[in-house]
Amino acid sequence: MKMKGRSSGRISTKWVPIVCLSSFFLGVFITIRLWTPPESNSQLISSRRHEQELQIVAEDCATKKKPVQEKDVMDEIYKTHESIHRGRSLDKQMAMIQMELAASRSSRELGFSDGSSDAKSSALPEEGSPRKKMFIVIGINTAFSSRKRRDSVRETWMPRGEKLLQLEREKGIVIRFMIGHSATSKSILDRAIDSEDVQHKDFLRLEHVEGYHELSAKTKVFFSTAVAKWDADFYVKVDDDVHVNLGMLATTLSHHRSKPRVYIGCMKSGPVLSQKNVKYHEPEYWKFGEEGNKYFRHATGQIYAISKDLATYISINQPILHKYANEDVSLGSWFIGLEAEHIDDRNMCCGTPPGTILGTDIASGRHRQGMSALHRLIGAAAVSASRWRKSNLFMRSVVKEMESFGVHYFKSVHIEGSFLAEQMSNTLQTFGERLAGAGEDDLVQAI
C-alpha cells in the first residue's frame, strides 16, 4: 500500500517538457504585455519639438483673440521707420569718416605746391592741421604755350589779385591754373611759369610731366592734390579756352550739395574710333565691343564737376585707375562701377555763343566758337590777295603770323590765292585746337 501511494504522487517524465514550454511562453507573454522599450534621443527631441510647436500655436491663437489697437500698430511702424533712418544715418556717417580718414592719409602722403615749380620743396600739411574748408575748387587745365588763353581768362571771368582771395574768403570758391612741369628740370618753360605765378599768384603746380597724351594722368594728379589741400564740396575741372559763369556754376552745384556722390557735366556718348592717325583715336577700342560701338555715357572734357566723395575716391585709388587715350573717357570709366549719380546738365555744354556768357549757361567755348570766323577771315584775305600771287611777301607774312599762334605750314612753293585759301582753311581745321587764345582782332592785325 505504501509503495502504491508514492508512485501516484510523482509527475510523469513525459509531462516535464510540456510544463517547461508552457512556462516559457507564459513568461514571454507577460513580458510583452508589461515591458515598454525606452525612447531614443531623436524620438525625445521630436516629441519635445512637437510639444513646443503646439504651445506656440496655442499662444498665437490666444494672441489673435486679443483686440489689436490701431495706435499700437502705428507706434510699431513709426519705430521701424526710426530704426531704418538711424541705420542709414549711421552708414552715411561711417562713410564720411572713412572718406575723411582717407583724405587725411592722402594729404600726408602727397606733397603739394601752390606756386613753386619744385615739388620737392613743397611743404606737407602739418600733423593734425585741418584742410581749408571750401565750397568749390576750380582747376583750369593749361599748358606752357597757353599764355594768351590764361590772360584772356584773367581779363574776363577769373578775378585777379585781392579779388581772387576775397572770392575764396567770402564765397569759398578757389580758382587756380593747374600745370605740371617740363621733362627737363628748371627749364625755360618752368621758369616762365614761375615768373607768371609771381605776378598773378594763381597757379597750382602739380607733380606731373606735361604732355598732350598725359591728360588722364594729369587729371588724377589734380584731384589728388586738390583733395589734399582743400576740403571742398565740389571739385571742377575746366579747360583754359572755356569761359565760365561763376554765378550760374555756384547756383547749380548748390542744388546738389546734399547728395553724396554726383558727377555733373554735359553728358555725351561718342563713337569709339579704331582707325589710326585720326584725332581721338582709341588704341583700346577692342574693349568696347564690336567696331562702330559708342563709349559709355560720360561728361565732355571742357568742364565737369564731381563731389568730394568721388574726388577722394580718385585720390585713394590713383595708382590703379586705368587711363584711356582720352581724358574725359578715363574719368567716366572710373565711376562706372560706383553708386554715383550722373547728372546731365546741358548748361555745361560749350555750344553757346560767346555773347550769352552772362545768361543761364555755365560755360561758353569762346575760342572754339570763334574758329569758324577765323577760317572765313583767312580765306577771304587769301582770295583777295590773288593779285599778289607772284609775290612771296604775303605768303611769308601770313605763315609767320600763323606760326606765332602755333600753326605750322610747310608749303614752300608758290601758291595761287584761291588754292591758298583752301589750304589755309584745311590747316586751321587740323591744328585749330592749337590756336592759343586767338581772337579776331589778333588775326586781323596779323594779316
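Residues numbered from 1 in each chain as written. Predicted model: local features only at pLDDT ≥ 70, side-chain atom pairs only at ≥ 80, totals over all residues. Heavy atoms only, no water.

Tell me about the sheet that holds strand β4 (residues 230-239), residues and numbers included.
Taken in spatial order, the seven strands of this open sheet run β3-β2-β1-β4-β7-β6-β8, and their pairing is mixed. Of all the strands in the sheet, just β3 (203-209) and β8 (341-344) have a single pairing partner and so form its edges. Neighbour-to-neighbour, the strand axes of this sheet turn through a mean angle of 25 degrees, independent of strand direction. Pairing analysis gives four bridges linking strand β2 (residues 173-181) to β3, with the strands arranged parallel. Residue pairing across strands places M178 opposite L204, the latter belonging to β3. Each of β1 (132-141) and β2 is contacted by helix α6 (residues 162-171), which is oriented at about 125 degrees to β2, the strand it contacts most. (Pairing = 2+ DSSP bridges. Helix = DSSP H or I, 4+ residues; strand = E, 2+ residues; numbered from the N terminus. Axes fitted to C-alpha atoms, helices over the stretch in contact; angles between N-to-C directions. Contact = heavy atoms within 4.5 Å.)

I'd love a proper account of the packing of helix α5 (residues 147-155) against helix α7 (residues 188-200), names of residues and values included.
Put simply, α5 and α7 touch, their axes get as near as 13 Å, and they point 10 degrees apart. Viewed along their axes, α5 and α7 adopt a mutual orientation that is roughly parallel. Along its contact with α5, which presents R147, R150 and R154, the element α7 presents I193, E196, Q199 and H200. Looking at side-chain class alone, the contact of α5 with α7 contains one nonpolar, two polar and four charged residues. (Parallel < 35°, antiparallel > 145°, perpendicular 65-115°, else oblique. Nonpolar A, V, L, I, M, F, W, Y, C, P; charged D, E, K, R; others polar.)

Pulling in residues and values, what's your account of the state of the cysteines?
For the structure shown, the criterion picks out one disulfide. Linked covalently through their sulfurs, C266 and C349 form a disulfide whose S-S length is 1.9 Å. In this structure the cystine formed by C266 and C349 twists about its S-S bond by roughly 90 degrees; its chirality is therefore right-handed. In this pair, C266 sits in strand β6 (residues 262-268) while C349 sits in the loop between β8 and β9 (363-364), placing the two residues 83 residues apart along the sequence. Classification of C349 by relative accessible area gives buried; the value is 13%. (Disulfide = S-S within 2.5 Å. Buried < 20%, exposed > 50% of the residue type's maximum accessible area, 1.4 Å probe, protein only.)

So what's going on with the packing of helix α8 (residues 215-229) against helix α10 (residues 308-316)? Which residues, and what values?
Running from N to C, α8 and α10 cross one another at 110 degrees; their axes reach a closest spacing of 8 Å. Here α8 is positioned roughly perpendicular relative to α10, judged by the angle of their axes. When you trace α8 past α10, the crossing you get is left-handed. Each of K220, F223, S224 and V227 in α8 lies in contact with α10, whose residues at this interface are A311, T312, I314 and S315. Classifying every residue of the contact of α8 with α10 gives four nonpolar, three polar and one charged. (Left-handed = near helix turned anticlockwise from the far one by under 90°.)

Before we move on, can you summarise the confidence of the model for the protein chain with the specific residues and values?
With 56% of its residues at a pLDDT of 70 or more, the protein chain shows a mean pLDDT of 74. The low-confidence segment residues 367-377 (pLDDT under 50) makes 32 contacts with residues lying over four places distant or belonging to another chain. Segment residues 386-391 is flagged for pLDDT under 50; beyond a separation of four residues in sequence, or across chains, it makes seven contacts in the model. (pLDDT = per-residue confidence, 0-100.)

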